[in-house]
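Structure at a glance
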Amino acid sequence: MASAELLQQIEDGNLHKRIPISSYQEQIKPIFETLSKIDISIKFDPKKHLAFKSSYLQTIKRTTMEEFGTFAKDQISNIGASEPFPLFTEEAVEIMRAEILREEVFTKWSRVSYNSTTGLDCVIRGYAKYTSPFTYAAWTHPDTVAAISSMAGVELEVIMDYEVAHINIAMKSQDLAKNEKINEKRKLSIGGSKITNDDIPAVVGWHNDSYPFVCVLMLSDTSSMIGGETLVKTGNGEIIPVSGPAKGKATVLQGRKLLHLASIPLGYTERITSVTSYRAKNSMLPETSVLKTVKPECNWGSLYDEFYPEWINYRMNVISDRSLEIKKIFNNALENGEKFDKLKAFELLQDLENYTANTWKEMQVSEAEYATHSKFDKENEN
Ligand SMILES: [Fe+2]
């Protein structure tokens with residue numbers, strides 16, 4: 001059972017997982033200072049800031065679910081993943097960086113990443129709507145959503161404001177980055193680079209995402225980075241790499257249905273990604289979202305009093321859309337003089353019931369999940 005103290009900490013917004021101001025000053029502020037000339041009052045303009053071209057649909061490789069050998073009945077698109085494609089311009093990326101790395105955003109919204117490995121790994125979640133108008137507008141502009149939808153092969157909708165531009169920040173010292181690069185070169189020169197299924201060094205191990213689709217945008221210079229691909233496990237156990245994006249580029253991934261792993265990149269000093277999650281815009285399409293990796297009890301960047309109301313809001317939108325659609329289906333049948341289809345009614349209503357039930361069931365927290373939380377705390381105390 002979770003202690004009263006832990007429950008209180010979670011309800012208070014995981015304040016105990018904030019990044020110390022000294023870490024901000026040592027590691028983030030020097031980056032922020034290089035952006036001092038960037039004007040963050042600029043308004044997002046798709047003509048100026050969106051780098052996407054519809055020709056990418058022909059030129060950028062997209063791997064289908066069949067090619068991954070993972071066709072699923074409840075997938076929302078035949079596209080599984082895309083190779084990196086230009087999404088935002090250099091100017092747009094610099095404005096996003098300048099907005100996000102401000103002290104007031106960082107100190108209030110950042111939290112230690114629950115799967116932190118080395119250095120300073122943190123997440124910044126739920127901040128965009130309140131603090132970063134350019135970033136928020138960039139991701140939610142209809143032209144941006146249309147661009148990402150076209151690459152994903154299905155019309156998408158941002159799942160909720162909380163998931164607009166989720167930030168992952170990983171920092172390492174110059175020395176560590178240099179040593180990693182030397183070691184990697186040595187390994188390659190003695191032919192020891194072959195990786196097998198079980199020994200892939202990962203930022204996040206094999207998992208499915210919580211939401212149907214994800215778009216990952218790179219906000220850092222990756223020119224001296226080695227590795228860092230997303231690896232997808234196919235239906236027959238093969239592992240297929242999907243390249244990581246360079247600065248300003250993005251990839252889309254049907255992460256709910258594809259088992260994947262984020263491999264550890266080497267040789268970077270700063271790696272910042274911005275991730276937005278989606279569901280199908282058509283509420284009648286399968287909606288398999290869960291809270292596994294994002295609920296406040298597991299992901300410290302999700303603040304209890306802000307995250308859960310948004311979750312309920314989006315679920316109620318889907319339930320409301322579905323209710324109206326079900327009503328329409330049977331009204332139309334009546335108007336057209338068709339026979340009443342009771343089995344179809346059972347099927348649609350049971351789906352709606354399951355979806356409603358999953359909305360509260362997903363908010364339940366298992367003992368194992370609380371235990372992971374406590375285990376992490378103990379490890380970090382030592
Ligand atoms: Fe993932």
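Predicted, not measured: the structure shown is a model, and the values here were computed from it.

Here we take up the pairing of strand β7 (residues 166–171). In terms of burial, β7 is largely enclosed, as 5 of its 6 residues are buried. Strand direction decides the pairing type here: strand β5 (residues 120–124) and β7, joined by 5 bridges, are antiparallel. Across the sheet, Val123 pairs through a bridge with Asn168, a residue of β7. Where β7 meets strand β14 (residues 270–280), 6 bridges bridge the pair, whose relative direction is antiparallel.

Attention shifts here to the layout of surface pockets. Taken as a whole, the largest pocket spans an internal volume of roughly 1000 Å³. Lining the largest pocket we find 50 residues, and of these His166, Asn168, Val204, Ala262 and Val275 sit closest to its centre. Elements supplying a minimum of two residues to the lining of the largest pocket: β2 (79–82), β5, β7, β8 (202–207), β9 (213–218), β12 (249–253), β13 (260–263) and β14. Its residues placed into classes, the lining of the largest pocket shows 23 nonpolar, 20 polar and 7 charged.

When pLDDT is low, close inspection of the predicted coordinates is not appropriate. With 89% of its residues at a pLDDT of 70 or more, the protein has an overall mean of 90. Every residue in residues 191–196 is under pLDDT 50, and counting partners more than four places away or in other chains gives 4 contacts.

Looking now at the coordination of the iron ion. Looking at the metal site, the iron ion is ligated by His207 (NE2), Asp209 (OD) and His260 (NE2), spaced 2.1 to 2.2 Å from it. Donor residues for the iron ion sit on one chain with the sequence pattern H-x1-D-x50-H. Linking Asp209 in the loop between β8 and β9 with His260 in strand β13, this pair joins segments that are 51 residues apart in sequence. Relative accessible area serves as the criterion here: at 4%, His260 is assigned to the buried category.

The subject of this paragraph is empty space enclosed by the protein. Using the criterion set out here, one finds 1 cavity of 30 Å³ or more in the structure. Estimates place the volume of the largest cavity at around 30 Å³. Lining the largest cavity, in full, are Asp74, Gln75, Ile76, Pro212, Gln254, Arg256, Lys257 and Thr288. Tallied by class, residues from the lining of the largest cavity come to 2 nonpolar, 3 polar and 3 charged.

All right, on to the nonpolar core then. Counting 72 residues, the largest nonpolar core has Phe88, Trp139 and Ile169 as its most contacted members. Among the nonpolar cores identified, the runner-up in size contains 9 residues, and Phe68, Val242, Leu253 and Val275 belong to it.

This model, assessed by the stated rule, comprises 13 salt bridges. Between Lys257 and Asp74 there is a salt bridge, with the nearest N and O atoms lying 3.0 Å from each other. Taken together, the residues Lys257 in the loop between β12 and β13 and Asp74 in the loop between β1 (62–64) and β2 connect sequence positions 183 residues apart. Among the residues examined, Lys257 registers a relative accessible area of 24% and is labelled partly exposed. Accessibility expressed as a relative area gives 28% for Asp74, which makes it partly exposed.

Here Ser149 lies in helix α9 (residues 142–152). What makes Ser149 buried here is its relative accessible area of 7%. Along the sequence, Ser149 and Tyr278 sit 129 residues apart, while their C-alpha atoms lie 9.4 Å from each other. Dropping the residues within four chain positions of it, Ser149 is found in contact with Val154, Glu155 and Leu156. Side-chain polar atoms of Ser149 contact the backbone nitrogen of Leu156, separated by 2.9 Å.

The subject of this paragraph is the side chain of Ser132. Positionally, Ser132 belongs in the loop between α7 (128–131) and α8 (133–140). A distance of 3.0 Å separates a polar atom in the side chain of Ser132 from a polar atom in the side chain of Thr131. Aside from chain neighbours lying at most four places away, what touches Ser132 is Glu99, Arg102, Val105 and Tyr127.

Moving on: the side chain of Arg111. Of note, Arg111 is situated in strand β4 (residues 110–112). For Arg111, which is buried and forms no salt bridge, the nearest opposite charge comes from Glu306, at a distance of 8.0 Å. Among the polar contacts made by the side chain of Arg111, one reaches the main-chain carbonyl oxygen of Gly13 at a distance of 3.0 Å. When near neighbours in sequence (up to four residues on either side) are disregarded, Arg111 contacts Gly13, Asn14, Leu15, Lys17, Arg18, Ile19, Cys122, Val123, Trp300, Gly301 and Leu303.

All right, on to helix α12 (residues 342–361) then. Think of an α-helix as turning once every 3.6 residues; residues three or four places apart then point the same way. With 20 residues, α12 should cover 28 Å at 1.5 Å per step; its first-to-last C-alpha distance of 28 Å lies within 8% of that length. Along α12, the residues that are buried comprise Ala345, Leu348, Leu352, Tyr355, Ala357 and Thr359. The inward-facing, buried residues of α12 contact α11 (304–335). With a side-chain oxygen positioned 3.3 Å from the backbone nitrogen of Leu343, the residue opening α12 is Asp341.

Parameters at a glance
- Residues numbered from 1 in each chain as written.
- Predicted model: local features only at pLDDT ≥ 70, side-chain atom pairs only at ≥ 80, totals over all residues.
- Heavy atoms only, no water.
- Buried < 20%, exposed > 50% of the residue type's maximum accessible area, 1.4 Å probe, protein only.
- Helix = DSSP H or I, 4+ residues; strand = E, 2+ residues; numbered from the N terminus.
- Pairing = 2+ DSSP bridges.
- 1 Å grid on protein atoms, 1.4 Å probe; cavity = no way out; pocket = protein on both sides within 12 Å on 5 of 7 lines; lining within 4 Å.
- Points joined across faces, edges and corners; volume = space filled by probe spheres on them.
- Nonpolar A, V, L, I, M, F, W, Y, C, P; charged D, E, K, R; others polar.
- pLDDT = per-residue confidence, 0-100.
- Contact = heavy atoms within 4.5 Å.
- Donors = N, O, S within 2.8 Å, 3.2 Å for Na, K, Ca; no water.
- Core = buried A, V, L, I, M, F, W, Y, C linked by side-chain atoms within 4.5 Å.
- Salt bridge = Lys/Arg side-chain N within 4 Å of Asp/Glu carboxyl O.
- Polar contact = N/O pair within 3.5 Å; in protein donor to acceptor, adjacent residues only side chain to side chain.
- Lys, Arg positive; Asp, Glu negative; His and termini not counted.
- Expected span 1.5 Å × (residues − 1).

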